[in-house]
Amino acid sequence: MEPVIIVKNLVKQYAFYRKEPGIKGSIKALFYRKKEFRDAVKDINFSIERGELVGFLGPNGAGKTTTLKILSCIVERSGGSANVLGYDPGRRQPEYKSRFAIVMGQKDQLIGTLPCFESFKMVQALYGISDKVFTENLEELVTLLDVRDLLDIQVRKLSLGQRMKCELIAALLHKPEVLFLDEPTIGLDVVAQKSIREFIKHYNQKNKTTIILTSHYMEDIEELCKRVIIIDKGSIIYDGQLSDLIKKHAPYKLLKVTFTQDITREQLAGLGEISEFQPYAATLRVRREEATKTAAMLLNAGLPVDDLLIDEVEVDDVIRTIFNEKR
Amino acid sequence: MPLLRRYYHIFSAFWQRGLTYRSTIIGYRIGEITELLVIILLWSRIFEGHTVILGYTKPEMITYFLLGNLFGVAVRSYARESISRDISEGGLSAIITKPMSYLSFLAPREIGRMSLPTILSIITNLLVILPFHALLIDLPNLGIILIIIAMLALALIIEFLINYLIGFITFWTEETEAIFDVIGRLKRFFSGYYFPLSLMPVALITLSGWMPFSYSFFTPAQLYLGKMSITDGLRGLGIEAAWIVILWLAVKLMYKRGRKRYEGVNI
């Protein structure tokens, strides 16, 4: 399948100034400021196929949002090349802008003082969407996201979750082929997060929209993305299947046991590395290939086992391990 | 969708937004009424015992300030504030990712934002002026009125473009207040807001004629008072048109340069 997003040796540098502390430093800065450059994105390469939903992971300042800003025509790249749907985002062609959308979880695109329907009408004007297409798409999105009762309420009176649903509608009214989602669930409660996740999943499957998602919530990534790109300090440190990442960087599983009576640590000796212990429950880290055998040993060791669960390591922990290894 | 309809939707959204801030709208109107009454009282008091001061009769002087004020409110713009906010707070990102250019988006948005307060200001001014019509100079002929209207329309475009330029400074520095303040003072001085420009030395009067500011206050007021001819008015329209071309080119250049520096912070 032909990739719809191709990024080659992409570089972005930001200029910044340093100021010495105190009043003296401030006065000095009035006359002379040393300009320095920081690499926000360093020589990154990746390509994404049509309909893929890829998770973009990394700590704050890693370069995730900067990459999305370059692909969505917000900032200019300093080097390398980018191609989305056959267009160079650096040229900012209106034809390209009509085919993608970006949703920024930390930035409202709707007009806060007006009901969201008015913002939707403005989006219709900005994209030049015909009345027929606008009505059809709005109807579909409003039904899917269950926000019919919210359309005539001032945006600032909506909850964060409701607002994000409306932001998604505004972004999808023109049926973009590529969607950049930058932290769409940030600050939302678990119910709202789930509802947004389900919508993204459904929308991606139904419309084959290519989606890049950045999120700090691992549930978003686990539930939505088969493939992840991990970026740290401007460079890609992993690009591949999420399941492979777990296998490669977490060659162990977790045995979570609860007991009917209190036990001691010594009683678990030799069964695996104890990562958590309470007298009535424990978590053991065991090598992947030995998980079943160890579980059987645990059950046959004469311990008062009430329940036993063989679980995968939290993706969060895997990512943290990767970042710690790199530092 | 036709371009005009697209502009209308943007205009309409921001016009409605203007209605949200009712207390602000009322607050500004109270301030304007007070200022107009002070002008009438001040000049009535100054003219006590005098027929002509500095070449102006009392009706001419009061007409100059009241009409000048009316013209001033008709051509004002605060686009600088919203442009500055777009750039410094990252709101620009939401617009530049859409298939309409930011420069095309600005005009309907700013006209939408300003039209309601401007219409209310004009009504407020007229409500104060009309009871004092006996103190004022009568309407000039239709030709002069048409030139004044054209002059104010071009002055409004100039005001918008100057606001754009000051707003775009935010691409380089967030501190646009001082520059806006300096240009604001220059504008008030060279527009004849403080006193009629005819009281200044000839060199300054000539200079103000070549600058864009006097066409929002002094020149249309002088045309109304019959102190300038239709030829002066037409020459003024030509100078305004030239300024619009210069400012538009500067706006395009400055936006192009500034856009390269934009980092979309706060997102």
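Going by the structure above, here's the rest.
Rules and cut-offs
- Residues numbered from 1 in each chain as written.
- Chains lettered and ligands numbered in written order.
- Predicted model: local features only at pLDDT ≥ 70, side-chain atom pairs only at ≥ 80, totals over all residues.
- Heavy atoms only, no water.
- Pairing = 2+ DSSP bridges.
- Helix = DSSP H or I, 4+ residues; strand = E, 2+ residues; numbered from the N terminus.
- Buried < 20%, exposed > 50% of the residue type's maximum accessible area, 1.4 Å probe, protein only.
- Contact = heavy atoms within 4.5 Å.
- Axes fitted to C-alpha atoms, helices over the stretch in contact; angles between N-to-C directions.
- Buried area = accessible area lost by both parts, 1.4 Å probe.
- Salt bridge = Lys/Arg side-chain N within 4 Å of Asp/Glu carboxyl O.
- Polar contact = N/O pair within 3.5 Å; in protein donor to acceptor, adjacent residues only side chain to side chain.
- Core = buried A, V, L, I, M, F, W, Y, C linked by side-chain atoms within 4.5 Å.
- Phe/Tyr/Trp six-rings, centres within 6.5 Å; stacked < 30°, edge-to-face > 60°.

Caption draft 1: Layout of the pairing of strand E9 (residues 235–241) of chain A. Residue and element names in this part refer to chain A. Note that strand E8 (residues 227–232) and E9 share six bridges and pair antiparallel. Looking at E9, one finds that Ile-230 is bridged to Tyr-238. Counting the residues in the hairpin turn of E8 and E9 gives two residues, including Lys-233, whose phi is positive at 50 degrees.

Caption draft 2: Up close: the side chain of Gln-222 of chain B. All names here are of chain B. Inspection of the secondary structure puts Gln-222 in helix H10 (residues 218–225). Of the residues examined, Gln-222 reaches a relative accessible area of 4% and is grouped as buried. Once you skip the residues sitting within four places of it in the chain, Gln-222 turns out to touch Tyr-56, Tyr-64, Ser-198, Lys-227 and Met-228.

Caption draft 3: Spotlight on the sheet that holds strand E11 (residues 273–278) of chain A. Residues and elements named next belong to chain A. Read from one edge of the open sheet, four strands run E11-E12-E10-E13, paired in antiparallel fashion. Bordering the open sheet on either side are E11 and strand E13 (305–311), each of which pairs with just one other strand. The sheet shows a mean angle of 15 degrees between the axes of neighbouring strands, taken without regard to direction. In this structure, strand E10 (residues 252–259) lies alongside strand E12 (residues 281–287), joined through seven bridges in antiparallel fashion. By the bridge assignment, Lys-256 is partnered in E12 with Thr-283. Here helix H10 (residues 291–299) sits on the sheet and contacts E10, E12 and E13; the angle it forms with E13, its principal contact strand, is near 175 degrees.

Caption draft 4: Representation of the interface of chain A and chain B in the model. Across the boundary between the two partners, chain A contributes 34 residues, which contact 30 residues of chain B. It is Ile-74, Lys-107 and Leu-126 of chain A in chain A that bury the most area against chain B; as a group they hold 21% of the surface buried on that side. Where chain A meets chain B, there are two salt bridges. Across the pair Asp-131 of chain A and Arg-5 of chain B runs a salt bridge, and its minimum N-O distance is 3.1 Å. Applying the counting rule to chain A against chain B returns nine residue pairs in polar contact (both at pLDDT 80 or more). Where the side of chain A that touches chain B is concerned, the elements lending two or more residues are strand E1 (3–18), helix H2 (64–71), helix H3 (94–97), strand E5 (100–104) and helix H4 (116–127) of chain A. Examining the composition of the side of chain A that touches chain B, we find that seven residues originate from one element, H4 of chain A, more than from any other.

Caption draft 5: Main features of helix H4 (residues 79–89) of chain B. All names here are of chain B. With eight of its 11 residues buried, H4 lies for the most part within the structure. Among all positions in H4, only Ala-79, Arg-80, Ser-82, Ile-83, Ser-84, Asp-86, Ile-87 and Ser-88 are buried. Contact partners of the buried residues in H4: helix H5 (92–96), helix H6 (102–129), helix H7 (142–168) and helix H8 (177–191). Directly after H4, the chain includes Gly-90, whose backbone phi takes a positive value near 85 degrees.

Caption draft 6: Spotlight on the nonpolar core. Counting residues in each nonpolar core, the largest one holds 70 residues, and the members touching the most others are Ile-5, Phe-46 and Phe-180 of chain A together with Tyr-102 and Phe-168 of chain B. Here this core gets eight residues from one element, more than from any other, and that element is H7 of chain B. In this structure, Phe-180 of chain A is in contact with Ile-5, Leu-68, Leu-71, Ser-72, Tyr-96, Phe-100, Ala-101, Ile-102, Val-103 and Ile-212 of chain A, ignoring residues within four places of it in sequence. Among the nonpolar cores identified, the runner-up in size contains 57 residues, and Ala-170, Ala-192, Ile-211 and Phe-323 of chain A belong to it.

Caption draft 7: Structural view of unusual backbone geometry. Residues and elements named next belong to chain A. Of note, the phi angle at Glu-183 is positive, near 55 degrees, even though the residue is not glycine. Topologically, Glu-183 is positioned in the loop between strand E6 (178–182) and helix H7 (190–207). Classification of Glu-183 by relative accessible area gives buried; the value is 4%. Even without being glycine, Lys-233 reaches a positive phi, approximately 50 degrees. Topologically, Lys-233 is positioned in the loop between E8 and E9.

Caption draft 8: View of the sheet that holds E6 of chain A. Residues and elements named next belong to chain A. Strand order in the open sheet formed by six strands is E5-E6-E7-E3-E8-E9, with mixed pairing between adjacent strands. Here the strands that pair on one side only, and so sit at the sheet edges, are E5 and E9. When strand polarity is set aside, the average angle formed by the axes of neighbouring strands in this sheet is 15 degrees.

Caption draft 9: Structural view of the environment of Leu-68 of chain A. Residue and element names in this part refer to chain A. Examined against the element boundaries, Leu-68 turns out to sit in helix H2. Judged by relative accessible area, which is 1%, Leu-68 ranks as buried. Linking Leu-68 and Ile-200, residues 132 residues apart in sequence, is a C-alpha distance of 18 Å. Those residues in contact with Leu-68 that lie beyond four places of it in its chain are Ile-102, Phe-180, Leu-181, Asp-182, Ile-212 and Thr-214.

Caption draft 10: Broad picture of the packing of aromatic side chains. All names here are of chain B. Throughout the structure, instances matching the rule amount to 26 aromatic pairs over all chains. Between Trp-43 and Phe-47 the ring centres are 6.3 Å apart and the planes differ by 50 degrees, which places this aromatic pair in the tilted class. By relative accessible area, Trp-43 is classed as buried at 15%. Phe-47 sits in the buried class, given a relative accessible area of 3%. Linked through ring pairs, Trp-43, Phe-47, Tyr-56, Tyr-64, Phe-65, Tyr-193, Tyr-194, Phe-217 and Phe-218 together constitute an aromatic cluster.

Caption draft 11: Structural view of the pattern of salt bridges. Within the structure shown, the criterion is met by 29 salt bridges over all chains. With a shortest N-O distance of 3.5 Å, Glu-223 of chain A and Arg-197 of chain A are connected by a salt bridge. Here Glu-223 of chain A is found in helix H8 (residues 218–224), whereas its partner Arg-197 of chain A is found in helix H7, with 26 residues between them in sequence. On the basis of relative accessible area, Glu-223 of chain A is assigned to the partly exposed category, the value being 34%. Overall, the relative accessible area of 7% leaves Arg-197 of chain A in the buried class. Here Arg-109 of chain B and Asp-86 of chain B are joined by a salt bridge, their closest N and O atoms 2.8 Å apart.

Nothing here speaks to function; it is geometry throughout.
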